[in-house]
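Chains, contacts and geometry: an overview
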Amino acid sequence: DFSSDEALYIQLRNQIILGIATNRFHEGDVLPSVRQLADTIGINMHTVNKAYAMLRQEGYLKLDRRKGAVISVQISDKSEEIMKVNGYMQMIVAQAICKEITKDEMKQLVEEMYDTFLMIEEEE
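What you see is a predicted model; the values in this text were computed from it and never measured.

Considerations on the pairing of strand β1 (residues 61-64)
Each regular strand carries side chains that alternate between the two faces of the sheet. Judged from the four bridges that link them, β1 and strand β2 (residues 68-71) form a sheet pairing that is antiparallel. If you follow leucine 61 over to β2, its bridge partner there is isoleucine 71. Once β1 ends, the chain turns through three residues before running back antiparallel as β2.

Right under this line is the structure:
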């Protein structure tokens, strides 16, 4: 979304993570090359490269010299991953509190998201 305030590489990263979560992308799937994806989407190659580098650093893909970017979800330390998610969620919960969204409403949102992702995963 070129009109979004969110950087394009972050949008691309997020879409790939959503694709993994909803089972559109599977372990071992090869993503398009940086050049191919940039041309397809109509964005700069450096933007795609930055998204891929971020995904690699975060443990969602690996870069293979022959294949390119390959989906490879790495879970090195679950407690460390929980701490990272906790960090992201702190700001979300703070925003919810400021906007008077209750704990029960937040729980319902999270449950619905899990159910939606798992339902999409089962359909495929």
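Some details on the side chain of arginine 13
Following the sequence through the fold, arginine 13 ends up in helix α1 (residues 8-21). Those residues in contact with arginine 13, other than ones at most four positions away along the chain, are Ala51, Met54, Leu55 and Glu58.

Details of the side chain of glutamine 11
Along the polypeptide, glutamine 11 turns up in helix α1. At a separation of 2.8 Å, a polar atom in the side chain of glutamine 11 contacts the main-chain carbonyl oxygen of glutamate 6. Here glutamine 11 is in contact with Asp1, Ser4 and Glu6, once residues within four sequence places are set aside.

Re the pattern of salt bridges
Scanning the entire structure with this criterion turns up three salt bridges. We note a salt bridge from glutamate 80 to lysine 84, for which the minimum N-O separation is 3.9 Å. Taken together, the residues glutamate 80 and lysine 84, both in helix α4 (residues 78-98) and four residues apart, mark about one turn of the helix. For glutamate 80, a relative accessible area of 36% translates into the label partly exposed. Linking glutamate 81 and lysine 84 is a salt bridge whose minimum nitrogen-to-oxygen distance equals 3.8 Å. Placement of both glutamate 81 and lysine 84 in helix α4 is noted, with a separation of three residues, approximately one turn of the helix. Salt bridges here are not isolated pairs; linked through shared partners, they connect Glu80, Glu81 and Lys84.

About the criteria used
Residues numbered from 1 in each chain as written. Predicted model: local features only at pLDDT ≥ 70, side-chain atom pairs only at ≥ 80, totals over all residues. Heavy atoms only, no water. Pairing = 2+ DSSP bridges. Helix = DSSP H or I, 4+ residues; strand = E, 2+ residues; numbered from the N terminus. Contact = heavy atoms within 4.5 Å. Polar contact = N/O pair within 3.5 Å; in protein donor to acceptor, adjacent residues only side chain to side chain. Salt bridge = Lys/Arg side-chain N within 4 Å of Asp/Glu carboxyl O. Buried < 20%, exposed > 50% of the residue type's maximum accessible area, 1.4 Å probe, protein only.

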